[in-house]
Amino acid sequence: MTILVTGSRGRIARTLIPLLHTAGHPVRAASQRPADLRLPDGVPSVALNLADPGGFRAALAGAGAVFLYAGAAHIDEFLAEAEAAGVEHIVLLSSSSVLEPAAHRDRLARHHLTVEEALAASPIAVTVLRPGTFAANAYQWAAEIRSAGQVALPYPGATTDPVHEADIAEAAFAALTRPEPRGGAHHLTGPQSLSFADQVGILAAATGQPIKAAAVDRATWKAALAGVIPEEFADGLLDWWQAHDGIPTGLTDTLEWLIGHPPRTFAEWADEHAADFRR
């Protein structure tokens, strides 16, 4: 059974594809720019843009399972082509944001909810992975750390549960290859609830250089990101951080159950990527 992996230039897919290939599962890597992929020998690639239904049929031909990034724009067309191709199982990379009480009013959560609801209405079996905050989100601070040795934070005490991308890839591997997780919706958290200030301190320790967590007001932060982050999305982030300021993030043991070992810590992630933050 060929497994189609979408978003193959992403960090999760780049780990998932070798895991599947090494374990002997036929895998096909899909990307908007397949020529840019670096794949294990013997892994074919195919062009696929989830915003362009014209490529769905060719990408899905002969696939029995799919690892799917949440693209909402044409999800109904994608599922129709998947059903016609004989796809039996889809593992969806969603987000724990869908579990928030006001998820339908949040731009990011609403995007993932749209895809989840479409898959729930499909006859294809679906397994949903709902990770919390990716540890790799810390890359948004890298340029500021390298240039100024600080991170401007409107809510330094806001907490998240950083999840290592390798752990999410291993969870996807388990969902695609084991019967136990199939059909469930799995909330995946990292092993620790950490404030942004905590994470900045961990990055400082990993780089061996001082990094300041500089508190700024909402307006200053929005102005600095104007033109980079849409205003609606910026307001949503600020509201989410405010709601989680000083409140520990709830953790689950689901990730350890799926991957068979304790989740990697943010400190491990920081040590692995410290060179990207050094001045």
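Preceding block: the structure.
Along each chain, residues carry numbers from 1 onward, in the same order as the chain's sequence is written. With the structure being a predicted model, the display of local features is reserved for residues of pLDDT at least 70 and the display and counting of side-chain atom pairs for 80 or more, all residues being used for whole-chain, interface and lining totals. As a rule here, side-chain values come from all non-hydrogen atoms in the structure, and water together with hydrogens is ignored.

### Here we look at the sheet that holds strand β1 (residues 2-5)
- By definition, two strands form a pair when at least two bridges between them are found by DSSP. Numbering goes from the N terminus for both helices and strands, where a helix is a DSSP run of H or I of at least four residues and a strand is a run of E of at least two. Spatially, seven strands are ordered β3-β2-β1-β4-β5-β6-β9 in an open sheet, and the strand pairing comes out parallel. On the outer flanks of this sheet lie β3 (45-47) and β9 (185-188), each paired with one strand and no other. Geometrically, the sheet is characterised by an average inter-axis angle of 20° between neighbouring strands, direction not taken into account.
- Bridge analysis of strand β6 (residues 125-131) against β9 gives four bridges, and the strand direction is parallel. Bridged to V128 within β9 is A185.
- Where helix α4 (residues 107-120) meets the sheet, it contacts β4 (63-69), β5 (89-93) and β6, and its direction lies at approximately 165° from that of β5.
- The contact criterion used is simple: two residues touch if any of their non-hydrogen atoms lie within 4.5 Å. With axes taken as lines fitted to C-alpha atoms, and helix axes fitted only over the stretch in contact, angles between N-to-C directions fall between 0 and 180 degrees. Helix α6 (residues 165-177) rests against β1, β4, β5, β6 and β9 of the sheet, and its axis sits at about 160° to β5.

### Brief notes about the environment of T127
- Mapped onto the elements of the fold, T127 is located in strand β6.
- Distance from T127 to A185, taken between C-alpha atoms, is 6.0 Å for residues 58 residues apart in sequence.
- When near neighbours in sequence (up to four residues on either side) are disregarded, T127 contacts H89, I90, V91, L92, A175, P181, R182, G183, G184 and H186.
- Throughout this description, a polar contact denotes any pair of N or O atoms lying within 3.5 Å of each other; where both atoms belong to protein, one of them has to be capable of donating a hydrogen while the other can accept it, and for residues adjacent in sequence the pair is counted only when both atoms sit in side chains. Among the polar contacts listed, one links the side chain of T127 to the side chain of H89, at a separation of 2.7 Å.

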